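Chain and residue survey
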Amino acid sequence: MAKKTRWAVIGAGIIGAAVAREILNRHDRADVTLFEKEDHPAAHQTGHNSGVVHAGLYCEPGSLKATLCRRGVSLLTDFAAEHNVAFDECGKVVVATDDTEVERLQAIHDRALANGVPDIALVDRNGLREIEPNAEGLAALHSPHTAIIDYPGLTDALVADFRAHGGRVRFSTPVKSVDHRGGPAARDTAIVHTPVDAQEFEHVIVCAGLQSDRLAARSGQKRTPTVVPFFGQYFIVDEAYSNAVNGLIYPVPDPKYPFLGVHVTRRIDGGLMIGPNAFLSFSREGYRGLGLNIPDSLAVAADPGFWRFAAANMATAARELPGVVSIERFVAEAARYVPSLAGAGGHRATRGIRAQAMNRDGTLVDDFVIDRAEATMFVRNAPSPGATSALAIAEHLVGIIDGR
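This one's a predicted model, so the numbers in the text were calculated from it and none came from an experiment.

Some remarks on a nonpolar patch on the surface
Nonpolar side chains collect at one region of the surface, where Phe282, Leu290, Leu292, Ile294 and Leu298 lie side by side and expose about 580 Å² of accessible area between them. In this structure, Leu298 sits in helix 7 (residues 294-301). Using a relative accessible area of 54% as the deciding quantity, one classes Leu298 as exposed.

Pasting the structure below:
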């Protein structure tokens, strides 16, 4: 009997879980171990996002993001249906409130068409009111197939399916580094080092999210792009406002700012949420309180790319700060295009933290970034729509290794 090929996947967020499952789906003779430093899946970015299944409105046409987002939606929708994961195709409108935003809306529409987003449509004020009676704007872009989903539940289902097909999961097992082993007379392999052991694998795929740059550097790879963490706060409005919108309502993004802006999002549990904003985080994994981690803060302070980014984005910080310190200002931002939310009460939810890859020149890395070093592949950047694209990213990564 042929010897099994040993694979390791590092990180049990949605992308790592999807990759581990994809390996077993494609390879009958694979022996796969999924490593996760926490004691459960989806502990970080996957478990702290807005739950949106993106349609691909904003992706640069022809980019890896655009291609994998559209494929990812199809795969994710099918998997959710097969495994009874909560999913709601509630739709989304991007609302323009002035003439400048109407012009920008046209550009988003053109990009969405180029990306193959289905049934996308520009609507006027009356058309917007038919879709979202409580929304206010001059025009809107309607994406009827944008959806919401239970991403932690989806990740749990991916891990369960992986285990059911013979996969091995090692929770509470942080990976310290991945070393290369090989030479002219031997096939390249990789050694995965944990605090308790070291194991050899023919293939290793690293999906380490917020720690991706650090694990790459400890494994002898380049330090850039580095991860600069940005937190996003969420505000869950009181139940009395839960039916204020039918789906998702987004502002038109301003190209002067690097993030999309505060939006109104239905939750898969039936509630309504405002957020996220975007502001520098002083911790990569601090989801409550001050979220202060000294090593993480010092790493940002020592990053020349961050200071170049900060110098170019003081206006962004000035725009975001009031919403960080004041719930009222945060809600008022959403009330610009959903006036009925003005003065809404509620409570803050656990914040999310975005692993934003940054170049040394201070520019944000927009597309997915995948590096390969001998037997190891590193996912260096997988921002939104990374969760939406997860199953397609898994196909792509395993396909590269298979030579497809």
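Things to note about the pairing of strand 1 (residues 5-10)
Of the pairings in the sheet, the one linking strand 1 to strand 2 (residues 30-35) comprises six bridges and is parallel in character. Paired with Trp7 across the strands is Val32, a residue of strand 2. The parallel pair strand 1 and strand 2 is bridged by helix 1 (residues 14-26), and the resulting crossover is right-handed. As paired strands, strand 1 and strand 13 (residues 203-206) are joined by four bridges and run parallel to one another. Bridging from a neighbouring strand, Ala8 pairs with Val204 of strand 13.

A look at helix 11 (residues 390-401)
In an α-helix there are 3.6 residues to a turn, and that puts residues three or four apart on one side. Here helix 11 is twelve residues long and its end C-alpha atoms lie 17 Å apart, about the 16 Å a rise of 1.5 Å per residue gives. The set of residues buried in helix 11 consists of Ala390, Leu391, Ala392, Ile393, Ala394, Leu397, Val398, Gly399 and Ile401. A positive phi of about 80° marks Gly403, the residue just after helix 11.

Observations concerning the environment of Thr173
You can see Thr173 is positioned in the loop between strand 9 (168-170) and strand 10 (177-183). When its relative accessible area of 9% is taken as the criterion, Thr173 is described as buried. Spatially, the C-alpha atom of Thr173 lies 6.2 Å from that of Phe35, the residues being 138 residues apart in sequence. The residues touching Thr173, leaving out its near neighbours within four places in the chain, are Phe35, Glu36, Lys37 and Thr194.

What to know about the side chain of Thr388
Mapped onto the secondary structure, Thr388 falls in the loop between strand 21 (376-381) and helix 11. In terms of polar contacts, Thr388 uses its side chain to reach the backbone amide nitrogen of His54, at 3.0 Å.

Section: the sheet that holds strand 21
As summarised here, the arrangement of the six strands in space is 9-2-1-13-21-20, forming an open sheet in which the pairing is mixed. For this open sheet the edge positions go to strand 9 and strand 20 (369-373), each flanked by a neighbour on one side alone. Sheet twist, expressed as the mean angle between neighbouring strand axes with direction ignored, is 15°.

Describing the pairing of strand 5 (residues 92-96)
Here strand 5 lies mainly inside the structure; five of its five residues are buried. Neither face of strand 5 is open: one carries Lys92, Val94 and Ala96, the other Val93 and Val95, and all of them are buried. Here four bridges tie strand 5 to strand 15 (residues 248-251), and the two strands are oriented parallel to one another. Each residue of the ladder has a partner; that of Val93, found in strand 15, is Ile249.

Quick word on the state of the cysteines
A full pass over the atoms with the stated rule returns zero disulfides. Cysteine Cys59 shares no disulfide, and the gap to the nearest cysteine sulfur, in Cys69, comes to 4.9 Å. Given the relative accessible area of 6%, Cys59 is considered buried. Cys207 takes part in no disulfide bond, and the closest cysteine sulfur to it belongs to Cys69, at a distance of 18 Å. Judged by its relative accessible area of 11%, Cys207 falls in the buried class.

Side note on unusual backbone geometry
The linkage connecting Gly275 with the following residue, Pro276, adopts the cis geometry, with an omega of 0°. When you line up the elements, Pro276 lands in the loop between strand 17 (272-274) and strand 18 (279-280). Note the cis peptide between Ser384 and Pro385, where omega equals 10°. Its place among the elements puts Pro385 in the loop between strand 21 and helix 11. Located in the positive-phi region is Asp119, a residue other than glycine, with phi close to 60°. Residue placement: Asp119 occurs in the loop between helix 3 (99-114) and strand 6 (121-124). Positive phi is not limited to glycine here, since Glu374 has a value of about 50°. Within the secondary structure, Glu374 sits in the loop between strand 20 and strand 21. The class of Glu374 is partly exposed, set by a relative accessible area of 42%.

Rules used throughout
- Residues numbered from 1 in each chain as written.
- Predicted model: local features only at pLDDT ≥ 70, side-chain atom pairs only at ≥ 80, totals over all residues.
- Heavy atoms only, no water.
- Patch = residues over 30% accessible without salt bridge, like charges linked within 9 Å, V, L, I, M, F, W, Y side chains within 5 Å.
- Areas by Shrake-Rupley, 256 points an atom, 1.4 Å probe, with all protein chains shown as cover.
- Salt bridge = Lys/Arg side-chain N within 4 Å of Asp/Glu carboxyl O.
- Helix = DSSP H or I, 4+ residues; strand = E, 2+ residues; numbered from the N terminus.
- Buried < 20%, exposed > 50% of the residue type's maximum accessible area, 1.4 Å probe, protein only.
- Pairing = 2+ DSSP bridges.
- Right-handed = clockwise from strand over helix to strand, strands pointing away.
- Expected span 1.5 Å × (residues − 1).
- Contact = heavy atoms within 4.5 Å.
- Polar contact = N/O pair within 3.5 Å; in protein donor to acceptor, adjacent residues only side chain to side chain.
- Axes fitted to C-alpha atoms, helices over the stretch in contact; angles between N-to-C directions.
- Disulfide = S-S within 2.5 Å.

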